[in-house]
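# Examination of the molecular architecture
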Amino acid sequence: MYENVVGVSGHVDELELKVKLQERLILQLGSYTVGVVHGHGQSKTTIERAFHAFARDRVDCIIFDYSSIPVNGKREDIILFNPGSSKG
């Protein structure tokens, strides 16, 4: 059913999963370049860490999730998107 499922590892993932997944990923989706990162870390805000993860790349959108707080905005013409928590 799902042919191309991709993902990135986060800070609480098991070692087995961290070995299989990258910490960040760049996808080419049609004419758009999308960066995917969990966004965890010690310094800065989650948005700052996610944005910084792709500072040397040309991306149109960054998808991240560490904070579980929904975000749908722009910074320097890059769409920043955090779907938020699946917990009600």
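Attention here is on the structure that accompanies the text. Residue positions within a chain follow its written sequence, with the count starting from 1. Reporting of local features is limited, given that this is a predicted model, to residues whose pLDDT is at least 70; pairs of side-chain atoms are given and counted only at 80 or more, and all residues count toward the totals for whole chains, interfaces and linings. The side-chain figures draw on all heavy atoms in the structure; neither hydrogens nor water molecules are used.

### Describing the packing of aromatic side chains
Classification of ring pairs uses Phe, Tyr and Trp, with its six-membered ring standing for Trp, and accepts pairs whose centres are within 6.5 Å; under 30 degrees between planes counts as stacked, over 60 as edge-to-face, and the remaining range as tilted. Counted by the stated rule, this structure contains 0 aromatic pairs. One residue, R75, lies across the ring of F51, its end atom 4.1 Å from the ring centre. Any Lys NZ or Arg CZ found within 6 Å of a ring centre and within 35 degrees of that ring's normal is scored as a charge over the ring.

### Focus: the pattern of salt bridges
Take a side-chain nitrogen of Lys or Arg and a carboxyl oxygen of Asp or Glu: if they are within 4 Å of each other, that pair is a salt bridge. The full count for this structure, using the stated rule, is 3 salt bridges. Among the salt bridges present, the one from E16 reaches K20, with a minimum N-O distance of 3.9 Å. With a gap of 4 residues between them, E16 and K20 both fall in helix 1 (residues 15-20), about one helical turn apart. The buried label applies to any residue whose accessible area, calculated with a 1.4 Å probe on protein chains only, is under 20% of its type's maximum; exposed applies above 50%, and partly exposed to all values in between. Residue class for E16 comes out exposed when judged on its relative accessible area of 58%. Among the residues examined, K20 registers a relative accessible area of 62% and is labelled exposed. Two residues, R75 and E48, come together in a salt bridge whose shortest N-O distance is 2.9 Å. One end of the pair, R75, is in strand 4 (residues 71-75); the other, E48, is in helix 2 (residues 46-52), with 27 residues separating them in the sequence. Only DSSP runs of H or I covering at least 4 residues are called helices, and only runs of E covering at least 2 are called strands; the numbering of each starts at the N terminus.

### Remarks on the side chain of H38
Its place among the elements puts H38 in the loop between strand 2 (32-37) and helix 2. Distance and chemistry together define a polar contact, namely a pair of N or O atoms within 3.5 Å, with one atom able to donate a hydrogen and the other to accept it when in protein, and with adjacent residues in sequence counting only for side-chain atoms on both sides. Here the side chain of H38 touches H40 through a polar contact of 3.1 Å, side chain to side chain. Beyond its immediate stretch of four places on either side in the chain, H38 contacts V8, S9, G10, H11, E23, F64, D65 and Y66. Throughout, a contact is declared for two residues whenever any of their heavy atoms are within 4.5 Å.

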